[in-house]
Amino acid sequence: MKKDKIITKFIISLFFMICILPLIIISLFMFVDKWVYPNIFPSTYTLKYLLSVIQSKELPKAMITSIIVAVMSAVISVIISYPTGKALAHYNFKGKHVISILILIPLIVSPLVLVSSSHINLIKYNLHSTLLGVSLIHTIFILPYTIRIFNDRFEEIGVEYELQGYTLGGNVISTFFLVTLPLLRVSVMLSFSLGVIISLGQYLTTLIIGGGRVMTISIILVPYIQYSEYQLASIYSFILIALTIISYTLIAKLYKNHLEF
Amino acid sequence: MGGRSIKKIESKYRPYILLIPFIIFIILMLGSTSMIEQSLGYNNQEGISSITFKYYEEIIFTKVFLESIVYTIYISVVPTLISLIVGIYMGIAVHFNIKRKNRLNNIIQIPIIIPYTVYIFCIILILMQTGIVSRSVMNLNIIDTANDFPLLIYDKFGVGIIMVYVLKQVPFVYFIIISSLSNMDRKYIDVALNLGSSKIQVLREIVLPYLRNSIMTAFFIVFAFNFGSFEAPFLLGNPKYNTLPVLSYKYFISSDIDKRSYSMVINTIMIIAVVILLHIYIKYNERKNRRNYEKR
Amino acid sequence: MKKIITVLLSVLLLSSCGKEGVAKEEVAKEVVRFYGWGGDSNVNNYLDDYIAPLVKEKHNIDFIRVPMNIDEILLKLTNEKEAGVDSGDIDIMWINGENFYNAKKIGLLSEPFTTSIENYSKNIDLNAEFANMDFNTPIEGLEVPWGLARLVLIGNTNKIDELPKNSMELLDLVKENKGMMTYPALPDFTGSAFVRMIMNDVLGEEVMANLGYDKEEIRIKLMPAFDYLNELEKYLWMNGETYPKDTGVINKMYSDGQLLFTLSYTALLADRKVLEGEFEEGTKAFIFENGTLGNAHYLAKPFNVSNSEGANKVINELISFEAQIKKMDVNGWGDLAVLDMDKLNDEEKEIFKNTSGSDILELETYSEVDAKQIAIIEELWEEEVLRK
């Protein structure tokens, strides 16, 4: 028994450390000036990269844009996922298979292709190069996850709870707020956070649909990763992670304070 | 029963009403079928307007394409299996052994929060020949020069790629398992243990079947993501071994515009393959559910 | 509470329907958007910290730099063309080579405009090859040369007694130092140039100038070069089992001491990196005695340019004498100027001569092959060298 527990604890701690390692590395690299191989620690440190980023005029706008797009994408995804997940879980209907498959497509197809065809459509609706357009394209890539989350949760809950609500005299609206929503709390939170995370990490989609006018942190970050500018990449990565946590906490606070009775 | 209701609501129009947002969204975003058109040689730009299968013919039997299929399957399946096994193990281990889960769960969330591209970047910093691991090993005098350190990124086994996938997905699987387990009724386990079952039996007969749906969900999402993933193989991969998405990208941006049709061919084939796989899975699932229902 | 959220969300949604940055333009300011590769922070700094304030002061233009790779730019323009967007986001795009060829072919470029740029006829040698042809594609006034590229090898004179003067000497040196050299996998721009330079050196300019367009014929003509590259491969980094993705990676490997050489299209990169402390002292750029590859990179306007006048003004500044000299600054970007010596006055000539790097412009360059031939060469490299 004891040995079992010790092994488990060891493996968990190992896992724990692996999770934190990237954060440590990024935090370190932001200040590195010279780090000659094979030293374990950098030879010299500098603040110059950090300063150049902080002084950049682009930064505040990019940060705000990233958060706005992320929150909008998450909200739109949740709004679409809730009914879709419910339909798939609680009903049998013609075309159910088609929908199930359609949902997974964005995960598989090359983003380049999806973006190209969406781009043309969005142009027709005059949504290209807008924040809303970018949020919509991000939503495509968020839906596979969030629809799944709601679907599984609805299957778990089963249909009885809602039917009970109606039996006890509730109508659609009150049942929704008093029965379903509380049961879905975890799913909504999970979907929101996933939505935010995925949206903040999008590069190619934002670039093409946003046409270069919608500037998110990811757009600034990825070229630096591609071309081995490690210090700048670390700084922008750090900012991106911070944004994720901020957006997530924003949603969590909003939900806790305002949507629970 | 723990909510595993197979009962569905009998309603003709309701489901379709519920599906309206999704359908609107799909039409809004993807109304054009130009991808499939292009793969068949039809191209608005150049005024070519006859359907031809020549692009399919030209590419399907080339060594490059076939090798790519094998490599893609390898790079999708291996990390999926590893992530599943480790994630399930961690989920079960933590759920049953650790009392205060909150802080641990917060830490394990970190890889999910860190964006994919940032993770790739970190892996590069850790595993490259002049990276963190290499420096540690060098200082222990195990290797002499940087070039002696084994190639873990840009290598043919895709070690770096697999690591990125695993590191990002194990927490994902872990959370799916943990949230499912937290809704499980402990009654059955306690009863079984009382009646003399060993822990392993409990695991096999009660816990894993309960988790079956979550595991399948996790498998599909993780596999689909790995299959279609582009950034990691592109940034960390070996130029000789391309996954299908990377190959598609290379054709897409080729200086020879005709090559773009090859890209569409690959994409169309990928979609068809996954559609077929999913179809088989859904049919199999239905048959199993029906059998279970009838058993009762 | 619910109401507050609904209001907030709807405000958010409505405000995001408008095009980004449109409100700004309605104030009487001009905006010019520059789209191009954003992977080099020195280039980005040159544009953001020198050019942007310059055009703001001189012409009251807001210069906005958007980092986007050329293939993404072309994809965007192709989609916009198909969807019929008449007024796009891009005003100036940084382009060259095969991309220019494709853009021209599909009709993604604007009307010819070089004659409207004052500094074009003032500063640039109109008879120079790079002013009329871009990789053997006639320019016909569709793009303005912005800087000159020279493929250089970079090595450390403190570590190597004699820098190799031709491909044979390079091969010997690599044999002695197994595993210490490599080049980026094609179709990377620089890797491709390196291979073509080797071909010129091994086969001679005559052969390269008369390749034709038949893949199999070209394969036969280039065979001796592929034999050389395959021989070289045995002694390359990791035995040539893999080639790095791009020069960014190779530069890093060089500065970490993993490699003896690196490559660059930016002639002054070696000097620049030594000053920055990234490359070791003694690192110098060099080329083979028979010459190296040289070409130019350009600025063009897309077919749906919104601010054509503004773009012209900015392009004019970008090829002005001062901007070109500043661009060559080893402390900054280090990109060779496109200025015509004969057109400079005496004072300007002095400044130019004293700018480090001006001597590189006098080196021999091979003429480039066609954009279409480059695609074929890249394919053949993959078949003959990578996969053997």
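Per chain, residue numbering runs from 1 following the sequence as it is written. By the order in which they are written, chains take letters starting at A while ligands take numbers starting at 1. Two thresholds apply to this predicted model, a pLDDT of at least 70 for residue-level local features and 80 or more for giving and counting side-chain atom pairs, whereas whole-chain, interface and lining totals are computed over all residues. The basis for every side-chain value is the complete set of heavy atoms in the structure, and neither hydrogens nor water enter the calculation.

When you go through chain A residue by residue, the secondary structure sums to 11 helices and two strands. From first element to last, N terminus to C terminus, chain A shows the α and β order α-β-β-α-α-α-α-α-α-α-α-α-α. Oriented by its inertia axes, the alpha-carbon framework of chain A measures out at about 70 × 65 × 35 Å. Buried, partly exposed and exposed residues are distinguished by accessible area as a fraction of the type maximum, computed with a 1.4 Å probe on protein chains only: under 20%, between the cut-offs, and over 50%, respectively. Within chain A, the proportion of its 261 residues that are buried is 62%. Looking at chain A as shown, the accessible area adds up to about 10400 Å², and 70% of this sits on carbon and sulfur atoms. Charge convention: Lys and Arg are scored as positive, Asp and Glu as negative, and His as well as the terminal groups of each chain are ignored. A charge is said to be at NZ when it belongs to Lys, at CZ for Arg, at CG for Asp and at CD for Glu. Averaging the locations of the 18 positively and 10 negatively charged side chains of chain A gives two centres separated by 4 Å. What counts as a helix is a DSSP run of H or I of at least four residues, what counts as a strand is a run of E of at least two, and both are numbered from the N terminus. Only the protein chains shown count as covering a residue, and every accessible area follows the Shrake-Rupley method with a 1.4 Å probe.

Moving on to the domain arrangement of chain A. Interface size is often expressed as the accessible area that is lost when the parts come together. Residue and element names in this part refer to chain A. For the domain bounds, the source is a domain assignment made automatically or taken from a database. Parsing chain A into structural domains produces domain 1 (1-46) and domain 2 (58-260). Of note, the centres of domain 1 and domain 2, computed from C-alpha atoms alone, are 31 Å apart. If you look at the interface, domain 1 gives seven residues, while domain 2 gives seven residues. Buried area is a sum: the accessible area each of two parts loses on coming together, probed at 1.4 Å, counted once for each and added. Regarding the contact of domain 1 and domain 2, the summed buried area is about 610 Å², with carbon and sulfur atoms giving 78% of it. Considering only the surface of domain 1 that becomes buried against domain 2, Ile26, Phe29 and Met30 emerge as the three largest contributors, covering 75% of it. By the convention used here, residues are in contact when the closest approach between their heavy atoms is within 4.5 Å.

Time to look at the nonpolar core. Counting residues in hydrophobic clusters, the biggest one holds 201 residues, and the most contacted among them are Tyr236(A), Leu47(C) and Trp146(C). Residues in contact with Tyr236(A), not counting those within four places in the same chain, are Val53(A), Leu59(A), Ile217(A), Ile220(A), Leu221(A) and Tyr224(A). In these notes, a set of buried Ala, Val, Leu, Ile, Met, Phe, Trp, Tyr and Cys residues joined through side-chain atoms within 4.5 Å is what counts as a nonpolar core. Listed in part, the 49 residues of the second largest apolar core include Ala193(C), Ile198(C), Leu203(C) and Tyr243(C).

Another point: the interface of chain C and chain B. Each side of the interface is counted separately: chain C has 25 residues, and chain B has 26 residues. Of the roughly 2500 Å² buried between chain C and chain B, counting both surfaces, carbon and sulfur atoms make up 51%. For the chain C face of the interface with chain B, the top three residues by lost area are Lys245(C), Gln258(C) and Arg387(C), together amounting to 22%. Each salt bridge in this description consists of a side-chain nitrogen of Lys or Arg and a carboxyl oxygen of Asp or Glu lying within 4 Å of one another. Counting every contact that joins chain C to chain B gives one salt bridge.

All names here are of chain C. Within the secondary structure layout, Ser110 lies in the loop between α5 (97-106) and α6 (118-123). Residue class for Ser110 comes out buried when judged on its relative accessible area of 12%. In this structure Ser110 touches Leu142, Lys301, Pro302 and Phe303, once residues within four positions along its chain are discounted.

Residues and elements named next belong to chain C. Spatial strand order, β8-β7-β9: three strands in an open sheet with antiparallel pairing. The open sheet has two edge strands, β8 (261-264) and β9 (283-286), and neither has a second partner. Within this sheet the neighbouring strands show an average axis-to-axis angle of 30°, counted without direction. If DSSP finds at least two bridges between two strands, the strands pair. Under this scheme, a helix contributes an axis fitted over its contacting stretch, all axes are lines through C-alpha atoms, and angles between N-to-C directions fall in the 0 to 180 degree range.

This brings us to unusual backbone geometry. Residue and element names in this part refer to chain C. Cis geometry is found at the peptide bond from Leu186 to Pro187, where omega equals 10°. Inspection of the secondary structure puts Pro187 in the loop between α8 (167-176) and α9 (189-203). The backbone of Asn136 sits at a positive phi, close to 70°, despite the residue not being glycine. Within the fold, Asn136 resides in the loop between β4 (133-134) and β5 (137-138). Among the residues examined, Asn136 registers a relative accessible area of 30% and is labelled partly exposed. Unlike most non-glycine residues, Glu140 shows phi in positive territory, near 50°. Mapping Glu140 onto the fold places it in the loop between β5 and β6 (143-150).

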